[in-house]
Amino acid sequence: MAPGESVPEGYQSIQDPISGDTLIFTSTNWEDELFRTAGFNNTHISVDGAGDKMGYYVSLAHTDQDGVAVGTDYNRTSLQSNLNFDISDKLSVSSSVNYIVSEQHQPDEAPWFFGRTLRLAPTVRLNFDDGSIGTGTSEKSQTPAHFIKNYLGETNREKLNLGGTLKYEILDGLNFTGSASYVKGKTTTENFIKSNRFNSSRLAKFSSLETTRKQFEATLGYDKSLNNHNFGLLLGASRIKD
């Protein structure tokens, strides 16, 4: 600083022990810039009831959660339904539906970025004098604001689970139970780096994984009591197809 000049707003100053000049600088606590108090919101609605022959339960839930680190968040919506029917004294059926969809934002490079940000020197500029965000010193040592502006990452997950069960009393003590389930899941991940001071390649990555499972089970059980003795026999079969 020249003699007579005042320290600009937002700066701190120190005297050079050798030249005696006044040096100005900014001091940033990068832990405060990287981490935050994360908000959380959970909404749940359900309806249930039962009659002589039928029972039901239906619920809808939604969760929104900010990540502790800036630029990260997570949300999920789920639907669940259970139905039970007594068709007769000997025959009953039940069904279930469970559907979940979620979205998460976190760049692929976030793990190493979080660690390196905490090692940034306090004097690295948070913002430049023209109001634009500070960039940091290198691609691996960026400011949080510059990183979350240019490094984008999103993961979407979807899962559907359908199930059904049938129970039939063939004879007194002889019962048949059959069940089937269908599970389908899908996960997609997208990452993109905008052209910036440290990387102009505009790198994009995409991955997708789908899984499907069908399962069938059947059991035949017989229970008998004779002279205070209980006897039981159970036969079963199961098939899984991925």
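Up top is the structure these notes are about.
Every value quoted in this text rests on a predicted model; they were computed, and no experiment measured them.

A. Molecular detail of the pattern of salt bridges. Per the stated rule, a full pass over the model turns up three salt bridges. The partner of lysine 205 in a salt bridge is aspartate 108, and the shortest N-O contact between them spans 2.5 Å. Highlighted residues: lysine 205 in strand β11 (residues 204-226) and aspartate 108 in the loop between β6 (91-105) and α2 (110-117), separated in sequence by 97 residues. Linking aspartate 242 and arginine 213 is a salt bridge whose minimum nitrogen-to-oxygen distance equals 2.8 Å. With aspartate 242 in the segment after β12 (229-241) and arginine 213 in strand β11, this residue pair connects regions lying 29 residues apart in the sequence. Residue classification places arginine 213 among the partly exposed residues on the basis of a relative accessible area of 37%.

B. Examining the sheet that holds strand β5 (residues 73-86) more closely. Taking strand neighbours across the sheet as the criterion, the eight strands line up as β3-β4-β5-β6-β9-β10-β11-β12 in an open arrangement whose pairing is antiparallel. Two strands bound the open sheet, and with one partner strand each, they are β3 (40-50) and β12. Averaged over all neighbouring strand pairs, the angle between strand axes comes to 10°, with direction disregarded. The pairing of β5 with β6 spans 14 bridges and is classified as antiparallel. Looking at the pairing, aspartate 86 lines up with serine 92 of β6.

C. Region of the structure containing the nonpolar core. Leu34, Ala69, Val70, Ala110, Phe113, Phe114, Phe147, Tyr151 and Ile193 form the largest nonpolar core, which has nine residues in total. With three residues, α2 is the largest single contributor of residues to this core. Ignoring sequence-local partners within four residues, the contact set of phenylalanine 114 consists of Leu34, Ala69 and Thr72.

D. A look at the environment of tyrosine 56. Counting through the fold element by element, tyrosine 56 comes out in strand β4 (residues 54-66). With near-sequence residues (within four places) excluded, tyrosine 56 lies in contact with Val47, Asp48, Gly49, Ala50, Asn82 and Leu83.

E. Looking closely at empty space enclosed by the protein. Tallied over the entire structure, the rule returns one cavity of 30 Å³ or more. Roughly 40 Å³ of internal volume is contained in the largest cavity. Lining the largest cavity, in full, are Pro107, Glu109, Tyr151, Leu152, Asn191, Phe192, Ile193, Leu203, Ala204 and Lys205. Within the residue set of the lining of the largest cavity, elements represented by two or more residues are β9 (151-171), β10 (174-193) and β11. Top contributing element to the lining of the largest cavity by residue count: β10, with three residues. In the lining of the largest cavity, the residues fall into seven nonpolar, one polar and two charged.

Reading the values: the criteria
- Residues numbered from 1 in each chain as written.
- Predicted model: local features only at pLDDT ≥ 70, side-chain atom pairs only at ≥ 80, totals over all residues.
- Heavy atoms only, no water.
- Salt bridge = Lys/Arg side-chain N within 4 Å of Asp/Glu carboxyl O.
- Helix = DSSP H or I, 4+ residues; strand = E, 2+ residues; numbered from the N terminus.
- Buried < 20%, exposed > 50% of the residue type's maximum accessible area, 1.4 Å probe, protein only.
- Pairing = 2+ DSSP bridges.
- Axes fitted to C-alpha atoms, helices over the stretch in contact; angles between N-to-C directions.
- Core = buried A, V, L, I, M, F, W, Y, C linked by side-chain atoms within 4.5 Å.
- Contact = heavy atoms within 4.5 Å.
- 1 Å grid on protein atoms, 1.4 Å probe; cavity = no way out; pocket = protein on both sides within 12 Å on 5 of 7 lines; lining within 4 Å.
- Points joined across faces, edges and corners; volume = space filled by probe spheres on them.
- Nonpolar A, V, L, I, M, F, W, Y, C, P; charged D, E, K, R; others polar.

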